[in-house]
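Spelled out from the first residue to the last, the chains are:
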Amino acid sequence: MSFDYNGTTTEVRVQPPTSLPLQNLSTFTFACWADPDNFGEGNNACLIASRSGSATGTGFVMWRLFTDTSGMRLTIKFATADLQRSGSGGTPIIGRGWRFCAASLNGTTAGTGIQLYLDDAEVNYGTLNDDGVGGRISDAGAPFGIGNDGGVGRTFDCRLAHVHVYSVALTLNELKQIRAYPGSITRGLLGYWPLEASGTVAGDHSGNNVPATLLSNVTFDQRRPPINGWSQGIKPAPLTAYL
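Residues numbered from 1 in each chain as written. Predicted model: local features only at pLDDT ≥ 70, side-chain atom pairs only at ≥ 80, totals over all residues. Heavy atoms only, no water.

A. The packing of aromatic side chains, seen in detail. For the structure on display, the rule yields three aromatic pairs. A centroid spacing of 4.5 Å and a plane angle of 20° characterise the contact between F28 and F30, whose relative ring orientation is stacked. Here the two residues F28 and F30 agree in accessibility, since each one is buried. The aromatic ring of Y125 is capped on one face by R85, whose charged end is 3.4 Å from the ring centroid. (Phe/Tyr/Trp six-rings, centres within 6.5 Å; stacked < 30°, edge-to-face > 60°. Buried < 20%, exposed > 50% of the residue type's maximum accessible area, 1.4 Å probe, protein only. Lys NZ or Arg CZ within 6 Å of the ring centre and 35° of its normal.)

Right under this line is the structure:
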């Protein structure tokens, strides 16, 4: 099962509680399964993003993981120059069925501190590789969107499932494990939304109780990613190894 986004008006938003450090993360991993029909709204729709200002589009996007003809790109807003890195045009995610997409930041402000992953490997990088300059713009108190820009823009035209947010930069082997067994790595796990149930709220399965609110035009879809880890030949390590 998955959530189906219409590419224009679907809105799913998370408002993190002040007690949980889901914002201003200097080290993190975002990961999800996506089945895109096209590049979405504006040809650069967001897998996950946060914006300042109101949900109606004022303010600006403070960070976003999105995809366009250059492949995936992670951009983080800084005062003078944004921290960002993109994949090459040889690694698009459109038109190839379900893809496992992930991005991490290792705590630096260098563009090379961003790692992008597609399926079970790190991507080939393009020419966009910019260091953050001038101090990071805070996203404290701001919501973030799943499948859009945190407001009502840059909406994906796709199916999404198994969205993870971590406060650590996961290793490639750890990413391979959550690709096959979503939610099975608990080290630094801040939020995990399977997006597998209909209704007005998408439950958080991380144990931190941070639900996502389905605000408009979300369709529940029976299609699901191929997450049977045993069929992929991946044997999970014991959970205790990551606690």
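Let's pick the thread back up.
B. Molecular detail of the confidence of the model for the chain. When pLDDT is averaged along the chain, the result is 79; 78% of the residues meet or exceed 70. Ranking the elements of the chain by mean pLDDT puts strand β5 (residues 61-68) last, at 62, and helix α1 (residues 172-180) first, at 95. Confidence over residues 54-60 falls short of pLDDT 50; this stretch has 17 contacts with residues more than four positions distant or in other chains. Every residue in residues 229-243 is under pLDDT 50, and counting partners more than four places away or in other chains gives 24 contacts. (pLDDT = per-residue confidence, 0-100. Helix = DSSP H or I, 4+ residues; strand = E, 2+ residues; numbered from the N terminus. Contact = heavy atoms within 4.5 Å.)

C. Expanded view of the pairing of strand β13 (residues 157-166). The element β13 is largely enclosed, with a buried count of ten among its ten residues. In this structure, strand β1 (residues 2-6) lies alongside β13, joined through four bridges in antiparallel fashion. Bridge pairing in β13 links F3 to L160. Note that strand β3 (residues 27-36) and β13 share seven bridges and pair antiparallel. The residue of β13 that forms the bridge with D35 is R159. Pairing analysis gives four bridges linking β13 to strand β14 (residues 189-193), with the strands arranged antiparallel. Residue H164 lies in a different strand from β14, and its bridge partner there is Y192. (Pairing = 2+ DSSP bridges.)

D. Focus on the nonpolar core. Grouped together as the largest cluster of nonpolar side chains are 41 residues, with contacts concentrated most on L47, L65, L74, I146, L160, W193 and L195. Apart from the residues lying within four places of it in its own chain, the contact partners of L65 are F30, C46, L47, I48, M72, R73, L74, A103 and L116. (Core = buried A, V, L, I, M, F, W, Y, C linked by side-chain atoms within 4.5 Å.)

E. Broad picture of the pattern of salt bridges. Applying the stated criterion across every chain, the model contains seven salt bridges. For D35, the salt bridge is made with R159, and the minimal N-O distance between the two is 3.1 Å. Note that D35 is positioned in strand β3 and R159 in strand β13, a separation of 124 residues in sequence. The pair formed by D35 and R159 is uniform in burial state, with each residue classed as buried. Measuring nitrogen to oxygen at the nearest pair gives 2.8 Å for the salt bridge that ties R223 to D221. Take R223: its relative accessible area is 41%, and that puts it in the partly exposed class. For D221, a relative accessible area of 9% corresponds to the buried category. Residues joined in a network through salt bridges with shared partners are D4, D35, R159, D221 and R223. (Salt bridge = Lys/Arg side-chain N within 4 Å of Asp/Glu carboxyl O.)

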